[in-house]
Amino acid sequence: MSGDHSHSEDQVDSGSRFNSHKHKDKYKDKEHKHKDHKKDKEREKSKHGNDHKESSDKKHRDKEKLKHKDGSTDKYKDKHKEKRKEEKMKSFDGKVKKEKENGFAPPHVKSEPEENFYHSPQLEKSLKRERDDDNSEFKPKKIKIENDKKAKKRKPNEDIKSKKTKNKKGEVADGKKKAKKEPEEKWKWEEERYTDGSKWKFLEHKGPVFAPPYEPLPSNVKFYYDKHMKLSPESEEVATFFAKMLDHEYTTKDIFRKNFFKDWKKEMSSEEKAKITDLKKCNFTELSDYFKAQSEARKAMTKEDKLKIKEENERMLQEYGFCIMDNHRERIANFRIEPPGLFRGRGDHPKMGMLKRRIRPKDIIINCSDSKHPEPPPGTKWKEVRHDNKVTWLVSWTENIQGSIKYIMLNPSSRIKLQGEKDWQKYETARRLKKCVDRIRTQYREDWKSKEMRIRQRAVALYFIDKLALRAGNEKEEGETADTVGCCSVRVEHIKLYPENDGQEFVVEFDFLGKDSIRYYNKVPVEKRVFKNLQLFMENKEPDDDLFDRLNTSVLNKHLQELMDGLTAKVFRTYNASITLQQQLKALTNDENVTAKILSYNRANRAVAILCNHQRAPPKTFEKSMQNLQTKIDAKRDQLSDAKRELKSSKADAKVRRDERSKTVETKKKAVERLEDQLMKLEVQATDREENKQIALGTSKLNYLDPRISVACKKWGIPVEKIYNKTQREKFAWAIDMAEEDYEF
DNA sequence: CACGTGACTTAGGATCGGGTCC
DNA sequence: GGACCCGATCCTAAGTCACGTG
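Residues numbered from 1 in each chain as written. Chains lettered and ligands numbered in written order. Predicted model: local features only at pLDDT ≥ 70, side-chain atom pairs only at ≥ 80, totals over all residues. Heavy atoms only, no water.

Enquirer: Where do I start with the pattern of salt bridges in this structure?
Expert: Pairing between side chains of opposite charge can happen when the charged atoms of each approach one another. Enumeration over the complete set of coordinates arrives at 44 salt bridges. Put simply, Arg-458 and Asp-447 hold a salt bridge, and the shortest N to O gap is 3.8 Å. With Arg-458 in helix α16 (residues 453-468) and Asp-447 in helix α15 (residues 419-447), this pair connects stretches of sequence that are 11 residues apart. Taken as a pair, Arg-458 and Asp-447 share a single burial class, namely buried. Lys-496 is the salt-bridge partner of Glu-509, the closest N and O atoms lying 4.0 Å from each other. Separated by 13 residues along the polypeptide, Glu-509 in strand β14 (residues 504-513) and Lys-496 in strand β13 (residues 495-501) bring together distant segments of the chain. Each member of the pair, Glu-509 as well as Lys-496, carries the same accessibility label: buried. (Salt bridge = Lys/Arg side-chain N within 4 Å of Asp/Glu carboxyl O. Helix = DSSP H or I, 4+ residues; strand = E, 2+ residues; numbered from the N terminus. Buried < 20%, exposed > 50% of the residue type's maximum accessible area, 1.4 Å probe, protein only.)

Enquirer: Is there a simple way to explain the protein's contact with DNA strand C in this structure?
Expert: Within the structure, DNA strand C sits among 30 residues, and Arg-346, Lys-406, Gly-473, Thr-568 and Thr-727 are positioned closest to it. The sugar-phosphate portion of DNA strand C accounts for 88% of its atoms within 4 Å of the protein, the bases making up the rest. At a separation of 2.3 Å, a phosphate oxygen of DNA strand C approaches a polar side-chain atom of Lys-406. At the level of secondary structure, the elements contributing two or more residues to the surface near DNA strand C comprise α19 (569-588) and α21 (622-656). Per-element tally for the surface near DNA strand C: the top contributor is α21, with 3 residues. Its residues assigned to classes, the surface near DNA strand C shows 4 nonpolar, 13 polar and 13 charged. (Near = heavy atom within 4 Å. Polar contact = N/O pair within 3.5 Å; in protein donor to acceptor, adjacent residues only side chain to side chain. Nonpolar A, V, L, I, M, F, W, Y, C, P; charged D, E, K, R; others polar.)

Enquirer: Help me out: how do you make sense of unusual backbone geometry in this one?
Expert: Trans peptide bonds make up the majority, and among non-glycine residues the majority have a negative phi. Residue Asp-326 is not a glycine yet carries a positive backbone phi of 45 degrees. Counting through the fold element by element, Asp-326 comes out in the loop between β5 (322-325) and β6 (328-331). Positive phi outside glycine occurs at Ser-517, with the angle close to 60 degrees. On the basis of relative accessibility, which here comes to 1%, the residue Ser-517 falls in the buried class.

Enquirer: What is the right way to look at the UniProt feature "active site" (unreviewed entry) in chain A in this model?
Expert: Within this numbering scheme, the UniProt entry marks Tyr-704 as carrying the feature "active site" (unreviewed entry). Take Tyr-704: it is sitting in the loop between α23 (698-703) and α24 (707-711). Tyr-704 sits in the buried class, given a relative accessible area of 15%. Every residue in contact with Tyr-704, bar those within four places of it in the chain, is listed here: Tyr-427, Arg-573, Thr-574, Ala-577, Ser-578, His-614 and Thr-699. A distance of 2.9 Å separates polar atoms of two side chains, one belonging to Tyr-704 and the other to Arg-573. (UniProt positions renumbered as here; feature names shortened; annotations may be inferred. Contact = heavy atoms within 4.5 Å.)

Enquirer: Can you walk me through the sheet that holds strand β12 (residues 405-408) in this structure?
Expert: Adjacent strands of a sheet form backbone hydrogen bonds with each other and so pair up, either parallel or antiparallel. As summarised here, the arrangement of the 4 strands in space is β10-β9-β11-β12, forming an open sheet in which the pairing is mixed. In this open sheet, the two strands that pair with only one neighbour each are β10 (384-386) and β12. Adjacent strand axes in the sheet meet at a mean angle of 20 degrees, parallel and antiparallel pairs treated alike. Note: strand β9 (residues 365-367) against β10, 3 bridges, orientation parallel. Across the sheet, the residue bridging to Ile-365 is Glu-384, located in β10. (Pairing = 2+ DSSP bridges. Axes fitted to C-alpha atoms, helices over the stretch in contact; angles between N-to-C directions.)

Enquirer: What exactly am I supposed to notice about the environment of Arg-331 here?
Expert: With respect to the element layout, Arg-331 can be found in strand β6. Taking the relative accessible area as the measure of exposure, Arg-331 reaches 31% and is therefore partly exposed. Note: C-alpha distance between Arg-331 and Ser-413 (82 residues apart in sequence) is 7.8 Å.

Enquirer: Help me understand the packing of aromatic side chains in this model?
Expert: Working definition: an aromatic ring pair is given by the centre-to-centre distance plus the angle between the planes. Per the counting criterion, the structure on display carries 24 aromatic pairs. Ring centres of Trp-393 and Tyr-407 lie 5.7 Å apart, and the angle between their planes is 45 degrees; this geometry places the pair in the tilted category. Here Tyr-407 lies in strand β12 and Trp-393 lies in the loop between β10 and β11 (395-398), a separation of 14 residues in the sequence. What links up through ring pairs into an aromatic cluster is the set Phe-223, Phe-242, Tyr-250, Phe-256, Phe-260, Phe-261, Trp-264 and Phe-284. Here the guanidinium or amino end of Arg-329 rests over the ring plane of Phe-322, the centre of that ring lying 3.8 Å away. (Phe/Tyr/Trp six-rings, centres within 6.5 Å; stacked < 30°, edge-to-face > 60°. Lys NZ or Arg CZ within 6 Å of the ring centre and 35° of its normal.)

What follows is the structure, encoded as structure tokens:
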């Protein structure tokens, strides 16, 4: 009874397949796991150590079958399995349905607009990532990176004598197109660089801003438990957290309610605890209404009051929002400490609804120069003040839900040395991958034939990471987070194999929840060897066994490190994202006018977002706003045809009057042109928006696309301002500074 | 090597605020 | 001048990956 049959029957409704499992007994098997791995390895060695190097695939398979037979490697999964089964059963009763409305339409399957205009063949192609079918992509055209002197000059690892150039990112930031700067300014963003791993020499800041203290409710706002009940401030505060979320579907979820109630009780006085025993009987509506009224009131404030608040915020920003780091005044990203509230995990998070504690000064670690440190609020103490210049954070504390550390760090635009330079290095690494990706691809294809299971698994996983831009997929502690996976942690239940599907051979269907519980759904034809390997990996496994049972991210990354210095799984995402953008741009940008070019750019960007599976929930008002736009378009059409008619008649009129150079005709002509232009813009906008319905461009734009590619779009007459807004230009100041139009990723 | 942990990047949703439309 | 809409910004969760420890 092989696992893959029992699980391929599809009665499990697609929603429930994704419900996460709260694996409570996560520790059960750890020891076994290690042992088993070790055993396997020995077995592998003794079995294959003296094999002939070129045995046939089949031979291997037979041998490897043996390896699987005893199932030893997979033992450790069994416990989880049971857990998961339980969970599945649970999810049947429909408690937890499709937690992510948005995640469920695979981007490339999404119904495409009819006009072929929408998807150029190239785009289509890249969407499906059918790279392997045409080898061309494995042989990228030679690109003279060498030409890019600047890039060279500034090899990440190369030491740069800290040459003091100008500082202040101000000029770039202030929105004015400041184009070319004088050479001496050119590399201002890369001045001091420390070779000893220090991140700074001097750091001074004002410390964090704490959440405002709790303000008890006015006495006319009442909480009811059967009848009115006055809560102690502590439990009242927690009650308000729940009340504020009453409209959110979170509060209907069992886990959320359970976690909340449990934590709430901890805050209650003993009398309260004795009385309040059932969350269902709690009536929060007055509290909820009160907060709604408050936010209404805030919206309805007078201009002056709003201005006052704005000014106050600005003052806070100026006072706390900046630090001095090595002679620069740098913007801090999050100087406000996270306020207390209820934890909102994403997806089916086992901890959703838990109380996120208020952070006090004594929870806070301050990091700064030892010259002087920020004062804690009167009457309080910091947990610690340290002076660690090997890290970039200014403030940290430990959060009580997962026990992880939270930080206050700098803004992404912050110079340069910290963020900008890191960013730049990231893309330089990706460009180095570009130079050796052929070699790596050749190698992993070779490794598909390896005698060793672990090598085959590694090679197939790498193929997916490369071809599909999957994330690495670290192991996660079960029961602590939502059940999501990445490449190395994909389970048998997440893929289906089709020897033939829709006229294509060797199709693999992926269906799993990735980071943030966003669904990854994709059907891809793969090479035969990959397919056969997958079959092999799945043999004798249960649906919830790891597909790559002899692989994890650290093994994979260690291997990658050997292939290229600095190479890790995520570099493939960066590389493939950036290279895709560059290719798509070349293919798409033939249009004459800027509007069309921007659309092309967005489409290229979209191709990347689809590759990286960056989805968003379709905006709530999407349908309506599309309709509005359509109305506008129709109106514009009417206007246009009117204008055309008028033009015609005035032409005829002019003819009659033998008025060769009629003013009216000229004006009418202008009007028609203007309307045509406007109509075109609207239509492009509609196209763009429709295509973007559930795709988020921001993430790839901000994190995966080498900004220099975008900057270089000026060669097609696309100004940076049309691609990056002000914030983005700040973040990418380094790229705007250095990239020329001939920049090649 | 497994494991825990710390630092930092990547991520989508919520909220804000300024412009537009009626 | 109020409602609405949308991009920008804020928020903080959730990844990746390196490193230290035993």
